[in-house]
Amino acid sequence: MIRRPRLRPLLTALLAVLAPLLTMLTLSAPAAHAASLTEVTGFGANPSNLRMYVYRPDSAPARPAVLVAVHYCTGSGPAFYSGTEFASLADRYGFLVIYPSVTRSGGCFDVSSPQALKRGGGSDPVGIVSMVTYAEQHYGADPNRVYVTGASSGAMMTNVLLGDYPDVFKAGAAFSGVPFGCFATTDGSGWNSACANGTVTRTPQQWGDLVRGAYPGYSGPRPRMQLWHGTEDTTLRYPNFGEEIKQWTNVLGVSQTPASTDHPQSTWTRTRYGGTGTQAPVEAISIQGTGHTLPAAGMAARAISFFGLDSGTTQPPTEPPTPPAGACRVTYSTSTWNTGLTASITVTNTGTAPVDGWALTFTLPAGQVITSGWNARFTPSSGAVSARNAAYNATLAPGASTTLGFQATHTGDTSAPASFSLNGATCATS
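Residues numbered from 1 in each chain as written. Predicted model: local features only at pLDDT ≥ 70, side-chain atom pairs only at ≥ 80, totals over all residues. Heavy atoms only, no water.

Participant: So what about the overall build of the protein chain? Which residues, and what values?
Facilitator: The helix and strand inventory of the protein chain stands at nine helices and 22 strands. Of all 430 residues assigned to the protein chain, the portion counted as buried reaches 49%. With the model as given, the accessible surface of the protein chain reaches about 19200 Å², and the carbon-plus-sulfur share is 55%. (Helix = DSSP H or I, 4+ residues; strand = E, 2+ residues; numbered from the N terminus. Buried < 20%, exposed > 50% of the residue type's maximum accessible area, 1.4 Å probe, protein only. Areas by Shrake-Rupley, 256 points an atom, 1.4 Å probe, with all protein chains shown as cover.)

Participant: So, the nonpolar core: which residues are in play, and what are the values?
Facilitator: Within the largest apolar cluster, 56 residues are counted, with the highest numbers of intra-cluster contacts made by Val 68, Ile 98 and Phe 169. Residue contributions to this core peak at seven residues, all from helix α4 (residues 124-138). The residues touching Val 68, leaving out its near neighbours within four places in the chain, are Ile 98, Pro 100, Ile 128, Val 132, Tyr 147, Val 148, Thr 149 and Phe 169. (Core = buried A, V, L, I, M, F, W, Y, C linked by side-chain atoms within 4.5 Å. Contact = heavy atoms within 4.5 Å.)

Participant: Residue-level account of the pairing of strand β7 (residues 224-230), with values.
Facilitator: In regular strands, side chains alternate between the two faces of the sheet. The buried fraction of β7 is high, at seven of seven residues. Residues Arg 224, Gln 226, Trp 228 and Gly 230 line one face of β7 and the alternating positions Met 225, Leu 227 and His 229 line the opposite face, and both faces are buried. Summarising the sheet, β7 and strand β10 (residues 282-287) pair through six bridges and their orientation is parallel. Pairing of Gln 226 across the sheet is with Glu 283, part of β10. (Pairing = 2+ DSSP bridges.)

Participant: How would you sum up the pattern of salt bridges? Please name residues and give values.
Facilitator: On inspection of all chains with the given rule, the structure shows 10 salt bridges. A salt bridge links Arg 63 to Asp 142, with the nearest nitrogen and oxygen atoms 3.7 Å apart. Of the two residues, Arg 63 sits in the loop between β2 (51-55) and β3 (66-70) while Asp 142 sits in the loop between α4 and β5 (146-151), which places them 79 residues apart along the sequence. With relative accessibility at 26%, the residue Arg 63 sits in the partly exposed group. A salt bridge links Asp 167 to Arg 119; the nearest nitrogen and oxygen atoms lie 2.8 Å apart. Here the residue Asp 167 occupies a position in the loop between α5 (153-164) and β6 (171-175), and Arg 119 occupies one in the loop between β4 (96-101) and α4, the gap between them amounting to 48 residues. The exposure class of Arg 119 is partly exposed, given its relative accessible area of 26%. Within the structure, one salt-bridge network assembled from shared partners comprises Arg 63, Asp 142 and Arg 145. (Salt bridge = Lys/Arg side-chain N within 4 Å of Asp/Glu carboxyl O.)

Participant: Give a description of the packing of aromatic side chains that names residues and reports values.
Facilitator: For the structure shown, the criterion picks out 16 aromatic pairs. Relative to Tyr 81, the ring of Tyr 55 has its centre 5.5 Å away and its plane inclined at 45°; by these criteria the two rings are tilted. Here Tyr 81 lies in helix α2 (residues 77-83) and Tyr 55 lies in strand β2, a separation of 26 residues in the sequence. Overall, the relative accessible area of 24% leaves Tyr 81 in the partly exposed class. By the ring-pair criterion, three or more aromatic residues cluster together here, those being Tyr 332, Phe 362, Phe 378, Phe 406 and Phe 420. Above the face of the Tyr 215 ring, Arg 119 is positioned so that its terminal group lies 4.1 Å from the ring centre. (Phe/Tyr/Trp six-rings, centres within 6.5 Å; stacked < 30°, edge-to-face > 60°. Lys NZ or Arg CZ within 6 Å of the ring centre and 35° of its normal.)

Participant: Account for the environment of Arg 145, with residues named and values stated.
Facilitator: Take Arg 145: it is sitting in the loop between α4 and β5. Separated by 81 residues in the primary sequence, Arg 145 and Pro 64 place their C-alpha atoms 8.1 Å from one another. A distance of 3.2 Å separates the side chain of Arg 145 from the backbone oxygen of Arg 63, its partner in a polar contact. (Polar contact = N/O pair within 3.5 Å; in protein donor to acceptor, adjacent residues only side chain to side chain.)

Participant: Residue-level account of the state of the cysteines, with values.
Facilitator: Taken as a whole and assessed by the stated rule, the structure comprises three disulfides. Covalent S-S linkage joins Cys 73 and Cys 108, the inter-sulfur distance amounting to 1.9 Å. On the sign convention where negative is left-handed, the bridge of Cys 73 and Cys 108, at about 125° about the S-S bond, is right-handed. One end of the pair, Cys 73, is in the loop between β3 and α2; the other, Cys 108, is in the loop between β4 and α4, and 35 residues separate them in sequence. For Cys 328, the disulfide goes to Cys 427, at an S-S distance of 2.1 Å. Taking the torsion about the S-S bond as the criterion, the Cys 328 to Cys 427 disulfide, at about -100°, is left-handed. On the criterion of sequence distance, the pair formed by Cys 328 in strand β11 (residues 328-336) and Cys 427 in the loop between β21 (425-426) and β22 (428-429) is long-range, its members being 99 residues apart. With cysteine numbering restricted to those in disulfides and following the sequence, the protein chain has the pairing 1-2, 3-4, 5-6. (Disulfide = S-S within 2.5 Å.)

Participant: Give me the lowdown on the sheet that holds β11, citing residues and values where you can.
Facilitator: Here five strands make up an open sheet; going across it, the order is β15-β19-β12-β11-β22 and the pairing mixed. Only two strands of the sheet have a single partner each, and these edge strands are β15 (369-374) and β22. For β11 and β22, the ladder comprises two bridges, and the chain directions are parallel. Counted as the bridge partner of Val 330 is Thr 429 from β22.

Participant: How would you sum up the pairing of β4? Please name residues and give values.
Facilitator: Across the six residues that make up β4, a large majority, six, are buried. Side-chain alternation along β4 places Leu 96, Ile 98 and Pro 100 on one buried face and Val 97, Tyr 99 and Ser 101 on a second face that is also buried. Here five bridges tie β2 to β4, and the two strands are oriented antiparallel to one another. What sits directly across from Tyr 53, in β4, is Tyr 99. In terms of strand pairing, β3 meets β4 through three bridges, oriented parallel. Note on β4: the bridge partner recorded for Leu 67 is Val 97.

Participant: Break down the packing of helix α7 (residues 204-213) against helix α8 (residues 239-251) for me, with residues and values.
Facilitator: Closest axis-to-axis distance for the α7/α8 pair is 8 Å, and the angle between their directions is 65°. Our classification of the angle between α7 and α8 gives roughly perpendicular. The handedness of the crossing between α7 and α8 is right-handed. Taking contact as the criterion, the partners of Pro 204, Gln 205, Trp 207, Gly 208, Leu 210, Val 211 and Arg 212 in α7 are, on α8, Glu 243, Lys 246, Gln 247, Trp 248, Asn 250 and Val 251. Classifying every residue of the contact of α7 with α8 gives six nonpolar, four polar and three charged. (Axes fitted to C-alpha atoms, helices over the stretch in contact; angles between N-to-C directions. Parallel < 35°, antiparallel > 145°, perpendicular 65-115°, else oblique. Left-handed = near helix turned anticlockwise from the far one by under 90°. Nonpolar A, V, L, I, M, F, W, Y, C, P; charged D, E, K, R; others polar.)

Now the structure itself:
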């Protein structure tokens with residue numbers, strides 16, 4: 001008879017040998033930890049019942065930059081998180097990503113209602129900005145480094161957010177979108193077929209006025225814009241790409257003539273406006289033979305580079321530097337009497353590129369009210385005023401000047417405005 005050894009004594013002996021080894025491995029191994037997508041509720045004003053998802057990578061510093069990544073129609077925040085490269089780029093560079101998520105039928109963002117196309121007007125933009133504010137208050141996010149990107153409906157929302165909240169967002173990257181205001185409707189419909197089909201065309205000035213009208217009186221810096229579009233897009237057709245370029249070059253006060261043109265890949269044509277570097281005021285990338293399928297692999301990294309989030313800088317200076325004067329100079333003089341004055345304003349383009357369409361913004365001292373003006377359209381008549389070019393003086397060549405003026409009443413204060421901005425850039429004064 002063959003006797004089998006008893007198993008229990010053997011197992012006991014084996015565990016006696018392995019137990020110390022297992023204990024050592026457990027104590028020496030690092031604790032497992034990985035960032036994940038987290039839903040946030042109760043984040044603030046949210047008139048359209050959006051949902052908020054946040055990805056905070058383990059590499060995020062104490063004061064991270066923020067990227068708002070906005071999904072396409074039929075999509076969701078979690079789908080955009082898992083289907084794009086922004087989260088992996090956040091792991092690499094340490095920025096926070098907010099993924100807004102639509103709850104309405106169809107899953108499209110509101111980029112067409114009058115409420116959406118006005119700062120503080122309501123609907124989705126208000127909810128998204130509440131998410132940004134929440135991130136600043138609860139995650140220590142840096143309000144001076146907030147960016148937005150999106151695809152399709154999200155690209156349209158990118159355009160809308162830059163128009164409604166130019167003081168919140170520093171730059172945007174729109175993949176297959178349309179200009180701000182192009183999708184506008186007044187019948188409650190969320191779809192604008194004429195815009196989608198690329199048949200809505202306007203002058204650069206008209207497109208720019210739509211953006212400026214979203215936040216009347218705003219005279220601060222405007223966010224930079226990166227635009228992407230496939231030439232074979234049959235959902236939001238390719239002519240929208242050119243209309244976006246017209247709009248944002250006008251808003252940022254740069255020439256529609258590219259400062260540089262190159263081909264980062266064989267099917268890509270990249271044009272930069274107002275500068276030739278990675279962070280030009282406007283950058284546009286046309287993808288030959290591609291439809292409504294952006295962003296494709298590698299494109300998200302280009303957007304991150306345009307934002308400057310790949311610079312390796314994790315902690316900016318405590319106080320942002322004072323922005324330098326733009327490529328413009330304003331000379332202002334007045335002639336006054338008891339209750340009235342006339343003002344003469346000379347605007348000079350001190351840059352190297354022509355200005356095609358302009359708006360000069362300034363704030364009148366309390367009590368001054370414009371009664372008439374010349375060589376520009378002045379609105380409103382008091383407070384934060386915008387003077388927009390006439391048809392005959394819309395273009396300012398490098399070194400060229402134009403003179404405009406107004407007559408006003410006053411209640412005793414006849415002093416000049418404290419500052420002037422041309423297309424959002426602060427001008428030198430003399």
